[in-house]
Amino acid sequence: MTYRVNVKVMPRAGLLDPQGQAVEHALSALGFEEAAGVRIGRAIELEIAAPSRADAEARARQMCDKLLANPVTEDYLLRIEEH
Amino acid sequence: MTYRVNVKVMPRAGLLDPQGQAVEHALSALGFEEAAGVRIGRAIELEIAAPSRADAEARARQMCDKLLANPVTEDYLLRIEEH
Amino acid sequence: MESGDREVTGSAVAGSTEAFAFPGERPVSSEVVREHNLNELEYERILELLGRQPTLTELGVFSALWSEHCSYKHSKPVLKTFPTTGPHVVQGPGENAGVLRLPDGWAVAFKIESHNHPSAVEPYQGAATGVGGILRDVFTMGARPVAVLNSLRFGPLDQPRNRYLFAGVVRGVGDYGNCVGVPTLGGEVDFAPGYTGNPLVNAMCVGLLREDHLIRAAAEGVGNVLLAVGARTGRDGIHGASFASEELSEKSESRRPQVQVGDPFTEKLLLEASLELITSDLIVAIQDMGAAGLTSSSAEMAARGGVGVEIDTGLVPTREEGMTPYEILLSESQERMLVVATPERVAEVRRVCEKWELAATPVGRVTDDGIFRVKHQGLTVAAIPGQRLVDDCPIYHPEARESEETRYRRTALPSLPPSVNLDRALELLLDSPGIASKRWVYEQYDSSVQASTVIHPGGDAGVLRVPGTAFGLAVTVDCNARLVALDPYEGGKAAVAEAARNVACTGARPLGVTDCLNFGNPEKPEVFFQFREACRGIADACRVFGTPVTGGNVSFYNESPTGAVDPTPTIGMVGLLARADRRVTSFFDRAGDEVLILGATRGALGGSAYWAEVRGFVGGAPPPVDLEAERRLQDFLVEAAAQGLLRSAHDASEGGLLVALAEAAMGRPYAATMGASLDLEGYAPGVEVDGLLYGEDAGRVVVSADPAHRDTLLELAGRHQVPLFRAGRTGGSRLELRAGSRVFSWVLESLRKTYFEAIPRRMQYADAERSAGE
Amino acid sequence: MRNVAVVRFPGSNSDFDALRAAEAVGAKAYFVWHRDTDLQGADVVILPGGFSYGDYLRAGAIARFSPVMQAVQRHAADGGPVLGICNGFQILCEAHLLPGALLRNAGLHFVSKPVDLVVERNDTPFTAAFAVGARIRLPVAHGEGRFLATDDTLRMLEAEGRVVLRYVAETEGSPWQPNPNGSAAHIAGIRNAAGNVVGIMPHPERADEPVLGLADGRGFFTSMAAWKPQSLTEKVSKR
Ligand SMILES: Nc1ncnc2c1ncn2[C@@H]1O[C@H](COP(=O)(O)OP(=O)(O)O)[C@@H](O)[C@H]1O
Ligand SMILES: [Mg+2]
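Residues numbered from 1 in each chain as written. Chains lettered and ligands numbered in written order. Predicted model: local features only at pLDDT ≥ 70, side-chain atom pairs only at ≥ 80, totals over all residues. Heavy atoms only, no water.

Draft legend 1. Structural detail: the coordination of the magnesium ion (ligand 2). All names here are of chain C. Summarising the metal site, the magnesium ion (ligand 2) is bound by the protein donors D460 (OD), N502 (OD1) and D651 (OD), whose distances to it range over 2.0 to 2.3 Å. As a motif over one chain, the donors of the magnesium ion (ligand 2) read D-x41-N-x148-D. One end of the pair, N502, is in helix α21 (residues 488-505); the other, D651, is in strand β23 (residues 648-651), and 149 residues separate them in sequence. Residue N502 shares its accessibility class with D651, and that shared class is buried. (Donors = N, O, S within 2.8 Å, 3.2 Å for Na, K, Ca; no water. Helix = DSSP H or I, 4+ residues; strand = E, 2+ residues; numbered from the N terminus. Buried < 20%, exposed > 50% of the residue type's maximum accessible area, 1.4 Å probe, protein only.)

Structure follows, in structure tokens:
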């Protein structure tokens with residue numbers, strides 16, 4: 001079975017996000033004043049071959065903890081779909 | 001009403017994604033041989049004040065087309081939740 | 001922004017030192033005091049100084065200003081022994097950066113700073129914010145930053161964690177400096193087991209100013225307004241200063257302050273705004289909110305001006321809701337400045353900042369009662385006699401004793417026979433990351449921005465021209481920690497001598513020094529011994545060279561579970577090149593040139609890279625540095641370059657004479673090689689071949705010159721009493737060498753592959769290696 | 001005398017360099033602020049290198065919307081010469097004044113070093129002083145310089161001879177030279193159809209004097225100074 005894994009890695013809440021800030025300014029300069037709280041992180045897509053969805057998720061977590069997300073500055077969110 | 005908007009901006013399919021390749025290589029080096037097809041893009045979170053979900057979505061699209069994604073090299077995906 | 005328009009809350013009774021706990025703040029218990037890294041003696045001093053119990057806010061203020069990082073409580077007496085004066089010294093130690101006089105009304109401001117602990121926790125942000133801080137130290141003097149340098153130490157690259165730290169730090173240094181638009185003109189990187197778990201990240205900045213634009217960070221003028229300029233204040237790096245003043249341990253993981261994130265874009269705006277404010281004479285004083293943020297910047301500026309300040313933390317723009325005065329005072333959010341201006345100028349100051357899209361918010365004022373007073377929505381939460389707050393931290397004179405182990409190591413010799421022959425040894429050395437080309441590093445650093453770079457990284461010192469003038473500056477950072485570890489005094493001398501040699505090789509005259517003293521826990525006698533002796537060596541060398549120490553930084557407690565780091569007193573030096581177009585590079589570049597060796601070789605292998613890398617032995621007595629000989633060598637190089645007699649000059653450092661010759665011949669990765677055939681017969685009679693090729697005696701330089709200049713050079717060398725040996729000619733695609741009975745011949749192309757690929761090969765996938773190996 | 005407007009965006013960092021290089025060939029060069037809407041009678045516009053808006057999101061993505069860019073668009077539409085250097089090139093692509101996009105370097109690292117290039121067109125206001133096929137050396141310093149476009153666009157660029165600068169395939173004497181960023185077809189610089197808008201990744205303004213070790217960059221500015229309004233239209237109509 002292969003599963004499609006979506007990882008969203010975002011800057012820790014409370015940490016400065018200069019990129020998000022700059023984009024928020026740009027948006028309101030472009031007339032999108034209704035946009036607020038812009039934060040920018042990484043989106044990672046991958047496929048995992050695994051016997052079960054649970055296994056796929058477990059492995060994906062390990063990948064995030066070990067490599068895909070920086071525990072010091074980032075939080076991540078996993079979404080898994082069959083494929 | 002404010003809506004939480006999740007934008008996922010990914011490199012257009014078929015385009016070389018050196019970062020994705022590097023991460024895929026690092027994953028297998030770490031023993032995650034089951035990971036494949038790694039692609040890396042941008043995750044953007046923001047809040048939009050709008051009268052309706054439809055309006056929020058329409059505005060979010062405009063933001064993506066105008067600024068958040070580069071039509072030449074990127075595709076984007078929107079997800080909107082009430083908030 | 002509105003908050004900025006509000007009036008600063010009226011003063012409390014002048015002179016009153018009454019203060020109240022902020023609602024909800026913990027009472028000050030002995031436990032709380034300990035958490036703040038204050039010992040009994042220090043707490044007693046606080047009680048005595050206040051005549052009452054401190055509030056938690058006040059305790060936080062004391063713990064920041066009395067941390068090692070801010071108070072220099074273990075190092076002050078030793079630092080006092082550095083020579084700090086000279087006819088060309090415009091600003092010595094004590095300001096944000098030292099300043100030296102240059103020709104034509106110009107001056108150079110320069111300073112080095114460590115960011116070791118933050119980089120150990122988060123290499124990318126740690127290094128980036130390190131660069132940001134040192135840039136601010138320089139442009140708050142009124143100088144435009146024109147060069148960045150960096151001195152880095154990591155554990156061996158065969159461990160993934162070390163590769164990850166190395167990759168992250170280099171990316172952080174690069175991304176920040178590149179974005180702000182300051183060229184990185186030099187640096188050094190070395191690798192040794194002692195740095196595993198505690199990397200060293202030292203950043204140096206060099207700036208240019210018109211001497212009459214110099215501004216000092218002294219608050220003056222009762223009634224003047226304090227403005228916070230730049231980024232909003234968040235909960236970042238609270239207690240960073242005291243964090244930097246303790247050993248890294250599991251415990252510090254939990255006490256770890258929230259990571260500071262750098263924003264080089266805002267820094268660039270701050271840089272332009274600050275220089276506009278200073279050069280258009282709109283402000284009285286300006287200081288970076290660096291370590292201990294608003295607290296140290298305001299307290300130090302007040303103390304320098306002999307005045308008091310009153311700050312209303314309620315007016316400081318914050319990034320997060322409900323921040324307490326304690327947090328606002330101690331936050332180390334980046335890209336913030338504290339500016340002092342007369343009330344009439346405030347509007348103008350804010351207009352300039354506005355132009356650069358920066359907020360400038362009045363947050364306090366200068367008072368006449370000498371009190372450091374903090375209010376929050378009308379409530380006085382801190383009121384401390386300002387001068388004593390800055391000056392009265394207890395000073396310590398720790399015991400100093402050299403460790404038995406070091407004494408033994410100095411007298412020891414390699415036990416194993418050489419594993420490889422002498423020509424293979426060269427390849428091993430060129431492949432060792434400490435000696436190999438650092439191109440993997442400096443190609444990630446913009447070295448051409450500002451269109452003034454005359455010599456890029458890759459040789460000895462970096463050189464930049466001063467636009468609109470004929471002269472230029474040479475800049476370098478150097479330290480061979482192996483030598484310092486084995487003999488702190490000689491090692492300290494050697495670090496200054498190498499820096500001066502690197503500067504002089506370009507044809508520049510050494511001007512002055514900024515030092516970054518990275519050591520372990522000073523409360524350990526063997527560590528304090530290293531510190532004291534290394535400083536004695538630095539002071540002696542600076543005296544002989546006429547290069548005063550105009551500033552620097554002490555970083556103690558560089559210890560990890562594996563013990564103290566190798567003592568690493570990094571020397572940053574600037575030199576004056578009278579004619580930038582006469583600069584001398586370090587590579588052979590014309591066939592048929594004479595190759596000359598300056599200086600004497602005794603074949604000292606103590607502390608050499610050859611013993612360490614090839615024979616697996618770190619020990620022996622480092623070669624003593626003859627400071628007078630070094631000085632004569634510098635004079636010779638400066639004069640020869642000024643007369644245009646030299647085609648290239650490269651000093652022998654790690655790896656000895658042979659590595660220096662090979663480097664001169666291999667050239668830069670972007671140009672063709674230029675071989676040489678040399679004969680050392682009669683150069684160093686009686687010296688064993690291994691010592692001749694790989695010994696690390698100080699004071700030696702390899703130069704190449706047009707044969708037409710030979711006699712002039714011989715005469716000049718005679719006049720300066722510099723030993724000069726004619727070793728042969730450049731040419732061909734090999735490095736050929738006769739030494740005693742031995743004849744060697746290396747193919748440069750294959751040496752180049754080794755030398756230039758050594759680090760890239762090891763770092764191929766390092767960016768993606770974070771937790772691996774943790 | 002040529003009026004040369006150097007546009008300053010927040011985060012520009014080669015603005016002074018471009019100004020200096022233009023002045024060095026006798027141009028009357030001056031800064032135009034990103035909020036300005038008037039180019040003050042500029043004959044030539046230079047978008048300098050740097051990190052406008054920190055290069056956040058994508059290099060040039062935010063700067064493209066600066067008020068001044070409308071004036072630049074008009075200037076370009078009227079056939080006025082525009083040179084985008086590095087970040088300026090990225091801005092021109094984001095603003096669709098030039099096709100394609102500049103992505104993160106294939107090597108994933110910022111790259112700062114001298115590179116060898118071939119000048120393929122001298123019928124632009126900025127390369128007229130070079131012979132076609134001339135080999136020059138200039139510094140690059142960028143993290144997002146990998147030129148990329150659809151196959152059709154690439155074919156069109158080649159067919160219309162709109163590649164102005166190309167990284168040489170290899171350099172004798174050094175295996176560490178070529179294509180520093182993985183650009184498609186080794187493209188280092190292109191021009192628009194009319195030929196008046198040119199974008200390049202390398203930095204001629206940092207290599208225009210012997211004391212800097214490289215001087216080939218001077219040609220871009222002497223070309224600019226010598227260029228006459230009609231000379232381009234002639235060349236264009238000749239094709
Ligand atoms: N971290 C670094 N950043 C920039 N340049 C560096 C760095 N490390 C080394 N270099 C450059 O590489 C060259 C060789 O460095 P090094 O081996 O320390 O020379 P030396 O032994 O003469 O001090 C020097 O030009 C130096 O500036
Ligand atoms: Mg050297």
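Draft legend 2. Expanded view of the packing of aromatic side chains. In total, this model carries 19 aromatic pairs over all chains according to the counting rule given. The interplanar angle of 5° and the centroid separation of 5.4 Å between the aromatic rings of F744 of chain C and W746 of chain C together place this pair among those described as stacked. With a relative accessible area of 0%, F744 of chain C lands in the buried category. Overall, the relative accessible area of 3% leaves W746 of chain C in the buried class. A ring pair is formed by Y755 of chain C and F756 of chain C, whose centres lie 5.0 Å apart and whose planes are at 70°; its orientation type is edge-to-face. On the accessibility criterion, F756 of chain C (2% relative accessible area) is buried. The rings of F154, F166, F191 and W440 of chain C are connected pair by pair, giving a single aromatic cluster. Directly above the aromatic system of W33 of chain D lies the positively charged group of K355 of chain C, at a separation of 5.9 Å from the ring centroid. Above the face of the F31 of chain D ring, R8 of chain D is positioned so that its terminal group lies 4.5 Å from the ring centre. (Phe/Tyr/Trp six-rings, centres within 6.5 Å; stacked < 30°, edge-to-face > 60°. Lys NZ or Arg CZ within 6 Å of the ring centre and 35° of its normal.)

Draft legend 3. Seen up close, the interface of chain C and chain D. Between chain C and chain D, the contact holds 42 residues from the first and 35 residues from the second. Taken together, both faces of the contact between chain C and chain D bury some 3100 Å²; the carbon and sulfur share is 55%. The three residues of chain C that bury the most area against chain D are F265, R465 and Y670 of chain C, which together make up 19% of that side's buried surface. Where chain C packs against chain D, one counts three salt bridges. (Contact = heavy atoms within 4.5 Å. Buried area = accessible area lost by both parts, 1.4 Å probe. Salt bridge = Lys/Arg side-chain N within 4 Å of Asp/Glu carboxyl O.)

Draft legend 4. Molecular detail of the site of ligand 1. All names here are of chain C. Close to ligand 1 lie 18 residues, the nearest being N150, G458, G459, D478 and S653. Contacts to ligand 1 include E498, whose side-chain N or O atom sits 3.2 Å from an oxygen atom. Out of a free accessible area of 550 Å², ligand 1 has 90% covered by protein chains. Counting residues per element, the ones that place at least two in the shell around ligand 1 are β5 (184-191), α19 (439-442) and α21. Counting residues per element, the shell around ligand 1 draws most heavily on β5, which supplies four residues. Split into classes, the residues belonging to the shell around ligand 1 amount to five nonpolar, seven polar and six charged. (Near = heavy atom within 4 Å. Polar contact = N/O pair within 3.5 Å; in protein donor to acceptor, adjacent residues only side chain to side chain. Areas by Shrake-Rupley, 256 points an atom, 1.4 Å probe, with all protein chains shown as cover. Nonpolar A, V, L, I, M, F, W, Y, C, P; charged D, E, K, R; others polar.)

Draft legend 5. View of the sheet that holds strand β10 (residues 336-341) of chain C. Residue and element names in this part refer to chain C. Here seven strands make up an open sheet; going across it, the order is β8-β10-β7-β11-β9-β12-β13 and the pairing mixed. Looking along the sheet, the strands with just one partner apiece sit at the ends: β8 (285-288) and β13 (379-385). Between one strand axis and the next, the sheet turns by 20° as a mean value, whatever way the strands run. The sheet contact formed by strand β7 (residues 225-230) and strand β11 (residues 360-367) spans five bridges and is antiparallel. The residue of β11 that forms the bridge with L227 is P362. Relative to the sheet, helix α4 (residues 56-65) contacts β12 (371-376) and β13, its axis offset from that of β13 by approximately 40°. Running at roughly 15° to β10, helix α12 (residues 264-279) makes contact with β7, β8 and β10 of the sheet. (Pairing = 2+ DSSP bridges. Axes fitted to C-alpha atoms, helices over the stretch in contact; angles between N-to-C directions.)

Draft legend 6. Looking closely at the nonpolar core. F166 and I283 of chain C together with M224 of chain D are the most contacted members of the largest nonpolar core, which has 168 residues in total. Looking at this core, the element that brings in the most residues is helix α9 (residues 160-180) of chain C, giving nine residues. Not counting residues within four places of it along the chain, the set of residues in contact with I283 of chain C comprises I215, L277, I278, V339, V340, A341 and V349 of chain C. Counting residues in hydrophobic clusters, the runner-up holds 50 residues, among them V32, L329, L338 and A382 of chain C. (Core = buried A, V, L, I, M, F, W, Y, C linked by side-chain atoms within 4.5 Å.)

Draft legend 7. A look at the side chain of N553 of chain C. Structurally, N553 of chain C is set in strand β18 (residues 549-555). By relative accessible area, which is 2% here, N553 of chain C ends up buried.

Draft legend 8. Inspection of unusual backbone geometry at higher detail. All names here are of chain D. In this model, Q40 sits at a positive phi of 50°, which is unusual for a non-glycine residue. Here Q40 shows up in the loop between β2 (28-33) and β3 (44-47). Residue class for Q40 comes out partly exposed when judged on its relative accessible area of 43%. If you check the backbone angles, H186 has positive phi at about 55° while not being a glycine. Note that H186 resides in the loop between β9 (163-167) and β10 (187-191). Classification of H186 as partly exposed rests on a relative accessible area of 32%.

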